[in-house]
Amino acid sequence: MPLTPFQRVLLADLAATPNDDRYLAGGAAMHFAPNSTRYSDDLDFFHDSEARVAAAFAADRARLEQLGYEIQLALSLPGFVRATVTQGADTTRVDWAHDSAWRFMPLVRDPLGGLLLHPVDLAVNKVLALAGRDEPRDFVDMLFVHRSVLPLAGLCWAAPGKDPGFTPLSLLELLKRRGKYHPEDFSRLRLAAPFDLVQAKEIWLAALAAAESFVRARPAEELGCLYYSRGDQRFVVPRAAGEGALAAEGVTAHFGTPGGVLPQVSEEPGGLPPAGQG
């Protein structure tokens with residue numbers, strides 16, 4: 001998996017100290033997957049409370065220094081701390097930051113990394129990140145989650161649940177401006193395999209077209225949700241819209257909540273949850 005040996009050791013050392021306030025997100029959490037495509041340059045730890053960031057950094061710093069790591073503080077702001085962590089010849093950047101507790105799924109626990117943001121929440125965050133910045137690394141990550149977590153169509157439909165300032169179509173308008181890269185843009189990234197830009201562009205254009213068709217067909221009352229298949233036991237992109245379509249596919253609309261919630265698996269799939277429930 002594309003984590004450096006040093007990052008793996010560092011994560012294991014931090015995970016050995018229980019801390020239910022801290023969870024790993026960003027590129028490092030995404031690339032825990034064995035088939036992931038890119039090495040992350042840093043580790044991003046998040047907290048649901050801004051007030052917890054400074055205290056968590058202080059506790060982690062003390063723990064790491066006891067283990068022989070050197071910590072060089074680079075930036076400290078309310079709700080955000082950045083430091084470089086070094087041991088011998090190895091080094092990586094680590095961020096401690098605040099993020100909203102709103103998510104689709106509860107955090108997951110990994111023996112190596114401790115608490116991690118769920119893959120589908122990582123994927124939704126990546127759509128929002130690529131819409132907001134034109135970075136080749138985000139484009140690589142977006143193609144990875146489109147292939148291995150949930151197609152772009154489902155992510156664009158769900159993302160306004162996380163950021164209500166967007167609609168699926170406004171997101172797509174921004175995403176259509178992405179993908180205009182040159183081979184040298186990817187040569188600076190640490191990739192697990194060579195990046196085929198021609199193939200990537202074909203996949204991206206097809207994903208954008210499919211996403212636009214999908215979001216134009218969905219009913220407004222489902223805006224901002226994911227769709228969970230009881231039979232497949234995973235999130236999916238429904239094949240049809242209209243009254244009774246979700247029930248016919250054995251699919252349930254799944255909305256985010258503070259802290260995230262597991263999908264409701266009932267005997268009558270497809271119905272929307274009561275107001276205020278995910």
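What counts, and at which threshold
- Residues numbered from 1 in each chain as written.
- Predicted model: local features only at pLDDT ≥ 70, side-chain atom pairs only at ≥ 80, totals over all residues.
- Heavy atoms only, no water.
- Helix = DSSP H or I, 4+ residues; strand = E, 2+ residues; numbered from the N terminus.
- 1 Å grid on protein atoms, 1.4 Å probe; cavity = no way out; pocket = protein on both sides within 12 Å on 5 of 7 lines; lining within 4 Å.
- Points joined across faces, edges and corners; volume = space filled by probe spheres on them.
- Nonpolar A, V, L, I, M, F, W, Y, C, P; charged D, E, K, R; others polar.
- Pairing = 2+ DSSP bridges.
- Polar contact = N/O pair within 3.5 Å; in protein donor to acceptor, adjacent residues only side chain to side chain.
- Disulfide = S-S within 2.5 Å.
- pLDDT = per-residue confidence, 0-100.
- Contact = heavy atoms within 4.5 Å.
- Core = buried A, V, L, I, M, F, W, Y, C linked by side-chain atoms within 4.5 Å.
- Buried < 20%, exposed > 50% of the residue type's maximum accessible area, 1.4 Å probe, protein only.
- Axes fitted to C-alpha atoms, helices over the stretch in contact; angles between N-to-C directions.
- Parallel < 35°, antiparallel > 145°, perpendicular 65-115°, else oblique.
- Left-handed = near helix turned anticlockwise from the far one by under 90°.

Some thoughts on the environment of Ala248
As for its placement among the helices and strands, Ala248 is situated in helix H10 (residues 245–249). It is 15 Å that separates the C-alpha atoms of Ala248 and Arg218, two residues lying 30 residues apart in sequence.

Observations concerning the layout of surface pockets
The space that makes up the largest pocket amounts to roughly 550 Å³. Of all the secondary-structure elements, those providing two or more residues to the lining of the largest pocket are strand S1 (23–25), helix H2 (26–30), strand S2 (42–47), helix H4 (119–132) and helix H5 (136–148). Among the elements that line the lining of the largest pocket, the one with the most residues is H4, at four residues. Its residues placed into classes, the lining of the largest pocket shows seven nonpolar, four polar and eleven charged. There is about 290 Å³ of room inside the second largest pocket. Listing elements by their share of the lining of the second largest pocket, those giving two or more residues are H5 and helix H9 (197–217). Per element, the largest residue contribution to the lining of the second largest pocket is five residues, and it comes from H5. Here the lining of the second largest pocket is composed, by residue class, of nine nonpolar, three polar and two charged.

Quick look at the sheet that holds strand S11 (residues 251–254)
Strands sit in the order S10-S9-S11 across an open sheet of three strands; the sheet is antiparallel. This sheet does not close on itself; its edge strands, each paired only once, are strand S10 (234–235) and S11.

What about the environment of Gln87?
Among the secondary structure elements, Gln87 is positioned in strand S4 (residues 80–87). A sequence separation of 85 residues divides Gln87 from Leu172, and the C-alpha atoms of the two residues are 43 Å apart. Looking at Gln87, its side chain comes within polar contact range of the main-chain oxygen of Leu67, at 3.3 Å.

Some points on the state of the cysteines
Counting across every chain of the model gives zero disulfides. Cys156 carries a free sulfur, and the closest cysteine sulfur to it, the one in Cys225, is 13 Å from it.

Description of the confidence of the model for the protein chain
Taken residue by residue, the protein chain gives an average pLDDT of 89. The fraction at 70 or more is 92%. Looking at the elements of the protein chain, mean pLDDT is at its lowest for H2, recorded as 86, and at its highest for helix H7 (residues 168–175), recorded as 98. Note on residues 273–278: pLDDT is under 50 here. Beyond four places in sequence and across chains, it has nine contacts.

What about the nonpolar core?
Side chains that are nonpolar tend, in soluble globular proteins, to be buried together. Leu24, Val127, Leu152, Leu175 and Trp204 are the most contacted members of the largest nonpolar core, which has 79 residues in total. Once residues within four sequence positions are removed from consideration, Leu24 is found in contact with Leu11, Ala29, Phe32, Leu43, Asp44, Phe45, Leu115, Leu116 and Leu117.

Quick notes on the pairing of strand S5 (residues 90–98)
By the bridge criterion, six bridges tie S2 to S5 in an arrangement that is parallel. Bridge pairing links Asp42 to Arg93 in S5. Count of turn residues in the S4/S5 antiparallel hairpin: two residues, of which Gly88 carries a positive phi of about 65°.

Thoughts on the packing of H4 against H7
Closest axis-to-axis distance for the H4/H7 pair is 8 Å, and the angle between their directions is 55°. Classified by the angle between their axes, H4 and H7 sit oblique to one another. The crossing of H4 and H7 is left-handed. Of H7, the residues touching H4 (which contributes Val127, Leu128, Leu130 and Ala131) are Leu171, Leu174 and Leu175. For the contact of H4 with H7, the class distribution of residues is seven nonpolar, no polar and no charged.

Thoughts on the side chain of Asp141
Mapped onto the secondary structure, Asp141 falls in helix H5. At 2.7 Å, the side chain of Asp141 and the side chain of Arg38 are in polar contact. Those residues in contact with Asp141 that lie beyond four places of it in its chain are Met30, His31, Arg38 and Lys126.

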